[in-house]
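# Analysis of the macromolecular model
Spelled out from the first residue to the last, the chains are:
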Amino acid sequence: MAQLQTTTPLAKKSPLIPVLLALFAVILFLMPYYANNYMLDVATMALFYVVLALGLNIVVGYAGLLDLGYSAFFAVGAYTSAILMTQFQMNFWLTFLIGGALAALAGIIIGAPTLRLRSDYLAIVTLGFGEIIRITALNLEITGSSSGIFGIPRPSIGGYAFTHLYDFYWAMLLLAILTLFAVNRLGNSRLGRAWKYIREDEDAAEAMGIDRVRVKLIAYALGAMFGGFAGSLFAVKMSAIAPESFNFMQSVMILLAIVFGGLGRLPGVVLGAVLVIILPELMRSFAEWRFLLFGIALVVMMIFRPQGLWPSGRGKTE
Amino acid sequence: MEMFTQQMINALIIGSFYALIALGYSMVYGIIKLLNFAHGDLYMVGAFVGFAVLSLFGGGTGLLGVVVAFFAALLFGGLLGIGIERVAYRPLLSSPRLTILITAVGVSLVLENGVMKSFGPSFKVYPVQLPTEGFQIFGATLTYAQILIILLSVLLMTALHLFVTRSLYGKAMRAISIDHAATSLMGIPVTRIISLTFFIGSSLAAASGMMAGMYYGQISFMMGFIVGLKAFTAAVIGGIGSIPGAMLGGLVLGLLESFGTVWLGSEWKDVFAFSILILILVLKPTGLLGENVTERM
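Residues numbered from 1 in each chain as written. Chains lettered and ligands numbered in written order. Predicted model: local features only at pLDDT ≥ 70, side-chain atom pairs only at ≥ 80, totals over all residues. Heavy atoms only, no water.

## Overview of the overall build of chain A
- When helices and strands are tallied, chain A shows 13 helices and four strands.
- Radius of gyration (C-alpha) of chain A: 19 Å, near the 20 Å computed for a compact globule of 318 residues.
- Projecting the C-alpha coordinates of chain A onto the three principal axes gives extents of approximately 55 × 45 × 40 Å.
- For chain A, restricting intrachain contacts to residue pairs at least 6 apart in sequence, the fraction spanning at least 24 positions comes to 78%.
- Carbon and sulfur atoms provide 68% of the accessible area of chain A, an area that totals close to 13200 Å².
- Here chain A contributes 21 positively and 16 negatively charged side chains, and the mean placements of these two sets differ by 10 Å. (Helix = DSSP H or I, 4+ residues; strand = E, 2+ residues; numbered from the N terminus. Rg over C-alpha atoms; globule rule 2.2 N^0.38 Å. Contact = heavy atoms within 4.5 Å. Areas by Shrake-Rupley, 256 points an atom, 1.4 Å probe, with all protein chains shown as cover. Lys, Arg positive; Asp, Glu negative; His and termini not counted. Charge placed at Lys NZ, Arg CZ, Asp CG, Glu CD.)

Here it is in structure tokens:
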């Protein structure tokens, strides 16, 4: 029997780790005081990817369902915020919640009919769905067709308006930490164990009384919801969005992040997301080789190290 | 009527391309239950091999050049398919399904970006254009080149069908798709038959890519992405794993898409096709001629 518990809470391992984590969090929170704008921007993008990767990890890492259209959910969140804020002058924080809810709803709509099928069908359907969302955004009036939506207003809390890069850095950092906390708790919950059980052996899980379709659907909806949140924040950070930000390559990058770090293991997922953003920045001269190298990396990783760069300390799952 | 006939002709051509690619999806799926995500990119590679060979011949390419380019695409595509199976899929055949699917995505990225690095990211104009002579039929124009494409597709599909149903190799393929281990115990070289399957499927996709390149006149490294998705849709419509199903599915999708485009406008063409995919999966996941696919592994 494979060991099912893969995301052991870090705190249980050593008393030093919480201290180190706290120290690390402080360093991250203080980043605007010592980093320049470029570093801060890259860090914000990396945190954004951390949120997306953590959300996708629920679907791919925990429940073992391949989702190749994850950028569709982050598009739903981004467009929801953009449309509601520019056309209906709604408050950002309200649209943030609506964006997450609509993304979750989109997850249910796409998941409900297909989750009964085999998992590889799901991969293609999610891919098709990602394209449907992108093309729809490209064709509709309300989404600004190919030029997208621009002039999205800045959010504010109380009287404090988000005007600087570091405001968005902090917001993204907060979202990333909250997501990490939530996804970690979810992974260790009864529901999380059900996901991993389904991933390991669907029939056995069903025989144990786990409602296969319902549990998968929840994974799908929750994963989509985090994508929606990230997209919503992304929209106000960029203040402009266009359909091409949500193409298939985005979905692949997010998938790559979680495969790189280690499917289902949160420290690995976070590491992978950071690597996927920072590596291309470090090797700017290789920019056009990026996707070729990423493709090779995917194949090589799967053949030689399917558990990822930072697998769990305990026994291997697969 | 004129419009209807013209759309029928378009549908037949597009349907033939889809069907040829869908065959590869279906064969590989039938034999090792792998959704070869990179399959659409072999169509693209075929188009580029044809492009490279025709460019080598220079401006005065005659029929000979086209024939050579066609067979070069066929052969290269097939060998590439074998190589991909050997390097990327064979080591993972016993791994979890998710692992091999992710690998297939990686292979697809490598093919697309490898071609982009070698030929450049812009659209390439095919060095040879198909002659536009033809004749009128019910007010629509049917060119000889279109007839040739349809005939060639039908020929390839018939040959494949005969091969799979009549030859010893075809029998071995069908046996493997039913039971891997038992086939191996009967002394059938399973890995070699799998290689052969990849060769045939990939070369059909490459041949279709070469024909599409000539037909549409321009190619790009991303051309396989959407077409691959649609060919998969065709395979699902017909019933994945079934060879006549893949042909039928290609034609049905070609028809639906041609008339759907008239009805909804070309900007919604892809949305229409993918919606059909989702609808079919919901309503009749076995497809028109398929075996039972909902059975779990």
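## Overview of the overall build of chain B
- Regarding its fold elements, chain B presents eleven helices and four strands.
- Each of the three principal axes of chain B carries a C-alpha extent, and together these read 55 × 45 × 35 Å.
- Counting all 297 residues of chain B, 57% fall into the buried class.
- Excluding contacts between residues fewer than 6 apart, the proportion of contacts in chain B whose partners are at least 24 apart in sequence is 77%.
- Carbon and sulfur atoms make up 70% of the accessible area of chain B, which totals about 12200 Å².
- Charge separation in chain B, taken as the distance between the mean sites of 14 positive and 11 negative side-chain charges, equals 11 Å. (Buried < 20%, exposed > 50% of the residue type's maximum accessible area, 1.4 Å probe, protein only.)

## What about the interface of chain A and chain B?
- In this assembly, 45 residues from chain A lie in contact with 46 residues from chain B.
- Both faces considered, chain A and chain B share a buried interface measuring about 4000 Å² in area, 78% of it formed by carbon and sulfur atoms.
- On the chain A side of the contact with chain B, Arg118, Tyr121 and Ile124 of chain A bury the most area, a combined 19% of that side's loss.
- Counting across the interface, chain A meets chain B through zero salt bridges.
- Linking chain A with chain B are zero residue pairs in polar contact (both at pLDDT 80 or more).
- Those elements that place two or more of their residues in the side of chain A that touches chain B are α5 (92-114), α6 (119-139), α9 (202-207), α11 (248-261) and α13 (290-304) of chain A.
- In terms of residues, the side of chain A that touches chain B owes the most to one element, α6 of chain A, which gives 13 residues.
- When the residues that make up the side of chain A that touches chain B are grouped by side-chain class, the tally is 30 nonpolar, six polar and nine charged. (Buried area = accessible area lost by both parts, 1.4 Å probe. Salt bridge = Lys/Arg side-chain N within 4 Å of Asp/Glu carboxyl O. Polar contact = N/O pair within 3.5 Å; in protein donor to acceptor, adjacent residues only side chain to side chain. Nonpolar A, V, L, I, M, F, W, Y, C, P; charged D, E, K, R; others polar.)

## Some details on α13 of chain A
- Between the first and last C-alpha of α13 of chain A there are 21 Å, a value that for 15 residues agrees with the 21 Å anticipated at 1.5 Å per step.
- Taken together, the buried positions of α13 of chain A are occupied by Phe291, Leu292, Phe294, Gly295, Ala297, Leu298, Val299, Met301 and Met302 of chain A.
- On its buried face, α13 of chain A is in contact with α11 and α12 (266-282) of chain A together with α3 (63-89) and α4 (97-119) of chain B. (Expected span 1.5 Å × (residues − 1).)

## Details of the UniProt feature "transmembrane region" (unreviewed entry) in chain A
All names here are of chain A.
- According to UniProt, the "transmembrane region" (unreviewed entry) feature falls on residues 16-35, 42-62, 68-85, 92-112, 168-187, 217-236, 248-279 and 291-310.
- As annotated, residues 68-85 has a helix share of 89% and a strand share of 0%, and its two end C-alpha atoms lie 29 Å apart.
- Helix makes up 88% of residues 248-279 and strand 0%, and the two end C-alpha atoms of the span are 20 Å apart. (UniProt positions renumbered as here; feature names shortened; annotations may be inferred.)

## Comments concerning helix α8 (residues 190-200) of chain A
- Taken residue by residue, α8 of chain A has Gly192, Ala194, Trp195, Lys196, Tyr197, Ile198 and Arg199 of chain A as its buried positions.
- Residue Ser189 of chain A occupies the N-cap position of α8 of chain A, its side-chain oxygen lying 3.3 Å from the main-chain nitrogen of Leu191 of chain A.

## Regarding the packing of aromatic side chains
Residue and element names in this part refer to chain A.
- According to the stated counting rule, one finds 32 aromatic pairs over all chains in the structure shown.
- With centroids separated by 5.9 Å and ring planes inclined at 50°, the aromatic side chains of Phe92 and Phe96 adopt a geometry described as tilted. Residue Phe92 and its partner Phe96 are both found in helix α5; the two are separated by four residues, about one turn of the helix. A single burial state applies to Phe92 and to Phe96, both of which are buried. (Phe/Tyr/Trp six-rings, centres within 6.5 Å; stacked < 30°, edge-to-face > 60°.)

## What about the UniProt feature "transmembrane region" (unreviewed entry) in chain B?
Residue and element names in this part refer to chain B.
- Under the present numbering, the feature "transmembrane region" (unreviewed entry) in UniProt falls on residues 12-32, 44-77, 98-116, 136-164, 193-215 and 271-290.
- The straight-line gap between the two end C-alpha atoms of residues 98-116 is 27 Å; of that span, 100% is helix and 0% is strand.
- Overall, residues 136-164 shows 72% helix and 21% strand. The separation of its end C-alpha atoms is 37 Å.

## Some points on the confidence of the model for chain B
All names here are of chain B.
- Model confidence for chain B is summarised by a mean pLDDT of 85, while 96% of its residues fall at 70 or above.
- Mean pLDDT values for the elements of chain B range from 77 in strand β2 (residues 134-137) up to 91 in helix α8 (residues 190-216).
- Within the model, pLDDT remains below 50 along residues 293-297, and this stretch shows 15 contacts once partners closer than five positions in the same chain are excluded. (pLDDT = per-residue confidence, 0-100.)

## A few points about the nonpolar core
- Membership of the largest hydrophobic core comes to 208 residues, with the highest contact counts inside it found for Ile241 of chain A together with Tyr89 of chain B.
- Residue contributions to this core peak at 17 residues, all from helix α3 (residues 37-62) of chain A.
- Not counting the four nearest positions on each side in its chain, Ile241 of chain A is found in contact with Ala78, Tyr79, Ala82, Ser147, Gly148, Ile149, Ile152, Phe234, Ala235 and Phe246 of chain A. (Core = buried A, V, L, I, M, F, W, Y, C linked by side-chain atoms within 4.5 Å.)

## Some remarks on the confidence of the model for chain A
All names here are of chain A.
- Confidence in the prediction of chain A, expressed as mean pLDDT, is 82, and 93% of residues score 70 or more.
- Between the elements of chain A, mean pLDDT differs from a low of 76, seen in strand β2 (residues 156-157), to a high of 91, seen in helix α10 (residues 212-238).
- Low confidence marks residues 1-6, where pLDDT is under 50. Its contacts with residues over four positions away, or in another chain, come to 16 contacts.

## Here's the deal with the packing of α5 of chain A against α10 of chain A
Residue and element names in this part refer to chain A.
- Two elements in contact, α5 and α10, have axes separated by 7 Å at closest approach and are oriented at 145°. The two elements α5 and α10 meet at a crossing, and its hand is right-handed.
- Residue classes in the contact of α5 with α10 are distributed as 16 nonpolar, seven polar and no charged. (Axes fitted to C-alpha atoms, helices over the stretch in contact; angles between N-to-C directions. Left-handed = near helix turned anticlockwise from the far one by under 90°.)

## Quick notes on the pattern of salt bridges
- A complete count under the given rule lists ten salt bridges over all chains for this structure.
- Close ionic contact of Lys237 of chain A with Asp41 of chain A constitutes a salt bridge, the shortest N to O distance being 3.0 Å. Here Lys237 of chain A, found in helix α10, pairs with Asp41 of chain A, found in helix α3; they are 196 residues apart in sequence, far enough to count as distant.
- In this structure Asp41 of chain A comes out as partly exposed when scored by relative accessible area, which is 32%.
- Taking the shortest distance from any N to any O, the salt bridge between Glu257 of chain B and Lys230 of chain B comes out at 3.5 Å. Here Lys230 of chain B lies in helix α9 (residues 223-238) and Glu257 of chain B lies in helix α10 (residues 243-264), a separation of 27 residues in the sequence. Considered together, Glu257 of chain B and Lys230 of chain B belong to a single accessibility category, that of buried residues.
- Through salt bridges with shared partners, one network takes in Glu202, Glu206, Arg212 and Lys216 of chain A.

## Comments concerning the side chain of Gln7 of chain B
- Locating Gln7 of chain B in the fold gives a position in helix α1 (residues 2-32).
- For Gln7 of chain B, the contacting residues outside a window of four places in its chain are Ser258, Phe259 and Val262 of chain B.

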